[in-house]
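Each chain, letter by letter, is given below.
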Amino acid sequence: MALANLAGKQSLRVVVIGDPGTGKSSLVVSAATERFPGDVPRVLPPTRLPVDYFADRIPITIVDTSSSPEQRSKLIAECQSADVVVLTYACDQPATLERLSSFWFPELRRLQLEAPVIVVGCKLDLRGEEQGTLDAVMAPIMVAFREIETCIECSALRQILVYEVFYYAQKAVLYPTAPLFYQEAQMLKLRCMRALKRIFILCDHDRDGAFSDVELNDFQVICFNAPLQPNEIIGVKRTIQEKLTEGVNENGLTLTGFLFLHTLIIGNGKLETTWTVLRKFGYDNELKLRDDLIPAIKRAPDQTLELTSQVIDFLRGIFNMFDTDNDGALQPAEINDLFSTAPENPWSSHLYENCAENNVLGGLSFEGFISKWTLMTLIHPSNSFANLIYVGYPGDFDSAFTTTRKRRVDRKKKQTQRNVFQQPSDAPPVNGEQFAANTVELPDGTRKTLVMREISEGDVGPLLSDKESLAPCDVAVIVYDSGDEVSWQRARELLVQVATRGKNTGYEVPCLIVAAKDDLDQSPLALQDSTRVSHDMGIETPIPISVRLRDLNNIFCRIVHAAQQPHLSIPETEAGKTHRQYRQLLNRSLTVVSVGAAVAVVGVAAYRVYAARKNASS
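Residues numbered from 1 in each chain as written. Predicted model: local features only at pLDDT ≥ 70, side-chain atom pairs only at ≥ 80, totals over all residues. Heavy atoms only, no water.

### Here's the deal with the overall build of the protein chain
Short version of the rule: Strands here mean DSSP runs of E at least two residues long; helices mean DSSP runs of H or I at least four residues long; both are numbered from the N terminus. Throughout, exposure labels follow a simple rule: accessible area from a 1.4 Å probe, protein chains only, divided by the maximum for the residue type, with under 20% read as buried, over 50% as exposed, and the rest as partly exposed. Contacts are assigned to residue pairs that have any heavy atoms within 4.5 Å of one another.
Counting secondary structure elements, the protein chain contains 21 helices and 21 strands. Expressed as a percentage of its 618 residues, the buried residues of the protein chain come to 49%. A sequence separation of at least 24 residues applies to 73% of the contacts in the protein chain between residues at least 6 apart.

### A short note on the packing of aromatic side chains
Note the following rule: In summary, the pairing rule links any two rings of Phe, Tyr or Trp, Trp by its six-membered ring, whose centres are within 6.5 Å, and it sorts them by plane angle into stacked for under 30 degrees, edge-to-face for over 60 and tilted for everything else. Placement of a charge over a ring requires the Lys NZ or Arg CZ to be within 6 Å of the ring centre, with the centre-to-atom vector within 35 degrees of the ring normal.
Inspection of every chain in the model, using the stated rule, returns 25 aromatic pairs. Look at Phe 339 and Trp 373: their rings are 6.0 Å apart centre to centre, the planes differ by 35 degrees, and that puts the pair in the tilted class. On the criterion of sequence distance, the pair formed by Phe 339 in the loop between helix H12 (332–338) and strand E14 (364–365) and Trp 373 in helix H13 (residues 366–379) is long-range, its members being 34 residues apart. An aromatic cluster is defined as three or more aromatic residues linked by ring pairs; in this entry it consists of Phe 319, Phe 339, Trp 347, Phe 366, Phe 369 and Trp 373. In this structure, Lys 189 is placed above the aromatic ring of Tyr 182, and the distance from its NZ or CZ to the ring centre is 5.1 Å.

### Some details on the sheet that holds strand E10 (residues 248–249)
Strand-to-strand pairing in sheets goes through backbone hydrogen bonds, with the strands running parallel or antiparallel. Here is the rule: The pairing criterion for strands is at least two bridges between them, as found by DSSP.
Sheet architecture is open: three strands sit in the order E9-E11-E10, paired in antiparallel fashion. Strand pairing shows two members of the sheet lacking a second neighbour, strand E9 (210–211) and E10, which therefore form its edges. The pairing of E10 with strand E11 (residues 252–254) spans two bridges and is classified as antiparallel. When the bridges of E11 are listed, Asn 249 appears paired with Gly 252.

### Some details on helix H2 (residues 72–80)
As a reminder of what qualifies: An arc is given here, and it is the one of the directions from the helix axis to the C-beta atoms.
Taken as a whole, H2 has its buried residues at Leu 75, Ile 76, Glu 78 and Cys 79. With its buried residues spanning 165 degrees around the axis, H2 presents them on a single face. Of the residues in H2, the exposed ones pointing more than 90 degrees away from the buried face are Ser 73, Lys 74 and Gln 80. Lining the buried residues of H2 we find strand E1 (12–18), strand E3 (60–64) and helix H3 (94–110).

### Quick look at unusual backbone geometry
You will see that Arg 550, though not glycine, has its phi angle at about 60 degrees, which is positive. Its place among the elements puts Arg 550 in the loop between strand E20 (543–544) and helix H20 (555–564). Classification of Arg 550 as exposed rests on a relative accessible area of 76%. Not every positive phi belongs to a glycine, and Asn 553 is a case in point at roughly 55 degrees. Within the secondary structure, Asn 553 is located in the loop between E20 and H20. With a relative accessible area of 29%, Asn 553 lands in the partly exposed category.

### Considering helix H6 (residues 190–203)
Our working definition: Multiply 1.5 Å by the residue count of a helix minus one, and that product is the helix's expected span.
With 14 residues, H6 should reach 20 Å at 1.5 Å per residue; the first-to-last C-alpha distance of 20 Å fits that figure. Of the residues making up H6, those classed as buried are Cys 192, Arg 194, Ala 195, Leu 196, Arg 198, Ile 199, Phe 200 and Cys 203.

### Remarks on the pattern of salt bridges
Rules: Take a side-chain nitrogen of Lys or Arg and a carboxyl oxygen of Asp or Glu: if they are within 4 Å of each other, that pair is a salt bridge.
Tallied over the full model, the rule gives 25 salt bridges. The shortest N-O distance in the salt bridge between Arg 13 and Glu 78 comes to 3.1 Å. Placement of Arg 13 in strand E1 and of Glu 78 in helix H2 is noted, with a sequence separation of 65 residues between them. Of the residues examined, Arg 13 reaches a relative accessible area of 29% and is grouped as partly exposed. Residue classification places Glu 78 among the buried residues on the basis of a relative accessible area of 13%. Between Glu 367 and Arg 447 there is a salt bridge; the shortest N-O distance is 3.1 Å. Of the two residues, Glu 367 is situated in helix H13 and Arg 447 in strand E17 (residues 447–455); the sequence distance between them amounts to 80 residues. According to the relative accessible area criterion, Glu 367 is partly exposed, its value standing at 35%.

### Considering the UniProt feature "domain: EF-hand" (unreviewed entry) in the protein chain
Formally: UniProt positions are given in the numbering used here, feature names are shortened, and annotations may be inferred rather than shown by experiment.
Here the UniProt-annotated "domain: EF-hand" (unreviewed entry) positions come out as residues 310–345. With 56% helix and 6% strand, the stretch residues 310–345 has end C-alpha atoms that lie 23 Å from each other.

### With respect to the pairing of strand E5 (residues 117–122)
The test is simple: A crossover counts as right-handed when, viewed with the strands pointing away from the observer, the path leading from the first strand over the helix to the second turns clockwise.
Within E5, six of the six residues are buried, leaving the element largely enclosed by the surrounding structure. Relative to E5, strand E4 (residues 84–90) runs parallel, the two being bridged by six bridges. Counted as the bridge partner of Val 85 is Val 117 from E5. Of the crossover connections in this fold, the one passing from E4 over H3 to the parallel E5 is right-handed. Relative to strand E6 (residues 148–153), E5 is paired through five bridges, and the arrangement is parallel. Bridging from a neighbouring strand, Gly 121 pairs with Glu 153 of E6.

This is the structure:
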């Protein structure tokens, strides 16, 4: 069996903990040598089991520990690095059993241990009959501590169930219960249901909502390389139908029945069956697509990825499929249904909250739908591709995205081949940042998608400290309060910072200045100085707008226009002018000509840098 199908584990680290004298070291030696040791050290060095100890041939290292106070820090470190923890008690010492509840599990919870726990009763050969059965002893403990994966008793002296201890330890890592199942409620977890739903839809080839006998057999062959016999198919459907009427219909096994089947499988302890299915279809232990299924994205800092027309056509079909009321918009419930085969709705993040325009009924138009996919591609292209797969996109990465030309080349050629202009990088934005995405109709009737990212004044400094922060930036829009002279002074400082940073890093960016609150009294000094500064730096004079009066002075079209002409509207500082003049002296004969008009674009992203102070005049 391929290691990639076993949660990607190349080796397992099993850490054995418990009270002194419970038989930890004897258990380890007995597993490694298959004999009971005559003289055992108090704490063994890390011990490797033979590579063929289990059929999966995954190397296993067993780490013995001391519970003495002076070794506490080492014990904690070992637990935190464990793939699985074996917690021991002595069958002949009831006090060590009580210590599981009074000390060990509270301590593991305090450490926020994420590894599964196997509880092992050692010295089974010394256990008295009056102590009760394992089920009776462990039932209340397992109810109180759901992190327990398995309980087992063994004897190192008699070689009873020693092998099984580490078999279950391995199984707890390779086929964990926690991601799939609520033990107490005996039901599948939401992510597990979503993954199985996607698998069901992929294997329901005739799309009739049920597995026919042929489809069920094909599914079995895909996952387990073995066909089902006709009597086995009949038996599976009969078992489901007896317990859940709607689990089977005239067409075969329904999605409800498929999910219920896996509930029964997991409830009966056959987790490897469900995990084999999930891993066959690319899922990792977090029930997301494995990292190796999402290609590494290689591009220069000033290059971006864009959705292809093939993906947009696919998304149009998905949009229409889930627009069940045919109103031309997706309601929140319809969007949740669309993403019901993904681990979660990716647009539930605050980054996508109110980022696209909804209609009066709260529905998302197709333009808004594509805008959100565009935004997701700009912020997290890997996540965008993963979600395309989750919703059923059949193509590969190269058919989904195209890589744009470098921005510095666009500036040299005085034209762009881009269909989408994006905001800075695909690194996760910081909390509190806001995005907006919408289409803009230009005077020639073409429509573009404008994506804007708001960066507060306090975040500009940290942003510009990154050498490549301006590389993905198409337009920097600096906004100030036109009635506040101090606000203008700060905006001027930001403009110089952006211009200087662009010149120093080679990632120069077009800049626009927006004078907000045009409906209020203007500051004559700010107006005069802003006009002079704009002229001196070689950019357009501030664009006055009034959001209150809905007089935006065609601002969004002007942002698009600046992005379409990446060689214009780039501000120059005095230092930059001096450098340019010197360069011109060295290159007198050099001339730069445009190689063509700017091409029409499908979408544009703009970078908003807000300099305005809090609404002092309102």
